[in-house]
Amino acid sequence: MAKVLWGVDPLAVSRLGQKQNKPPFTKKELARIGIPARKIDRVQAELARLTADKTLTRAELGQLAEEIAAVLL
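Residues numbered from 1 in each chain as written. Predicted model: local features only at pLDDT ≥ 70, side-chain atom pairs only at ≥ 80, totals over all residues. Heavy atoms only, no water.

(A) How the structure looks around the pattern of salt bridges. Tallying each qualifying case throughout the model produces four salt bridges. Between Glu29 and Arg58 there is a salt bridge, and its shortest N-O distance comes to 2.8 Å. Of the two residues, Glu29 sits in helix α3 (residues 27-32) while Arg58 sits in helix α5 (residues 58-71), which places them 29 residues apart along the sequence. Take Glu29: its relative accessible area is 23%, and that puts it in the partly exposed class. Close ionic contact of Arg42 with Glu46 constitutes a salt bridge, the shortest N to O distance being 3.5 Å. Of this pair, Arg42 and Glu46 both sit in helix α4 (residues 40-50), separated by four residues, roughly a single helical turn. (Salt bridge = Lys/Arg side-chain N within 4 Å of Asp/Glu carboxyl O. Helix = DSSP H or I, 4+ residues; strand = E, 2+ residues; numbered from the N terminus. Buried < 20%, exposed > 50% of the residue type's maximum accessible area, 1.4 Å probe, protein only.)

Here it is in structure tokens:
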């Protein structure tokens, strides 16, 4: 049972039932700023979550996209 609990992503579980926002950047735009193709889906998901509060500008989101991609494996 413990293996099941530790194997579940708590961030993903916390988002269950929430409406996903539209990503602020397209895949082509993220590729253009240097995000590797294998990371684009995850970066888009994180940026969509961050745009929910509407306090970040598009330029700030672009910088965050690069930082998120650097952290992802």
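Picking up where we left off.
(B) Representation of the nonpolar core in the model. With 11 residues, the main nonpolar core is built from Phe25, Leu30, Ile35, Ile40, Val43, Leu47, Leu61, Ala65, Ile68, Ala69 and Leu72. For this core, the secondary structure elements donating two or more residues are α4 and α5. Considering each element in turn, this core owes the most residues, four residues, to α5. Leave out the neighbours within four places in its chain, and Leu72 touches Lys39, Arg42 and Val43. (Core = buried A, V, L, I, M, F, W, Y, C linked by side-chain atoms within 4.5 Å. Contact = heavy atoms within 4.5 Å.)

(C) Structural detail: the environment of Thr26. Of note, Thr26 is situated in the loop between α2 (10-14) and α3. Distance from Thr26 to Ile40, taken between C-alpha atoms, is 9.1 Å for residues 14 residues apart in sequence.

(D) Broad picture of the packing of α4 against α5. Contact pair α4 / α5: the axes reach a minimum separation of 10 Å and the direction vectors enclose 135 degrees. Relative to α5, α4 is oriented oblique. Judged by the twist between their axes, the crossing of α4 over α5 is right-handed. Contacts between α4 and α5 pair Val43, Glu46, Leu47 and Leu50 from the former with Leu61, Leu64, Ala65, Ile68 and Ala69 from the latter. (Axes fitted to C-alpha atoms, helices over the stretch in contact; angles between N-to-C directions. Parallel < 35°, antiparallel > 145°, perpendicular 65-115°, else oblique. Left-handed = near helix turned anticlockwise from the far one by under 90°.)

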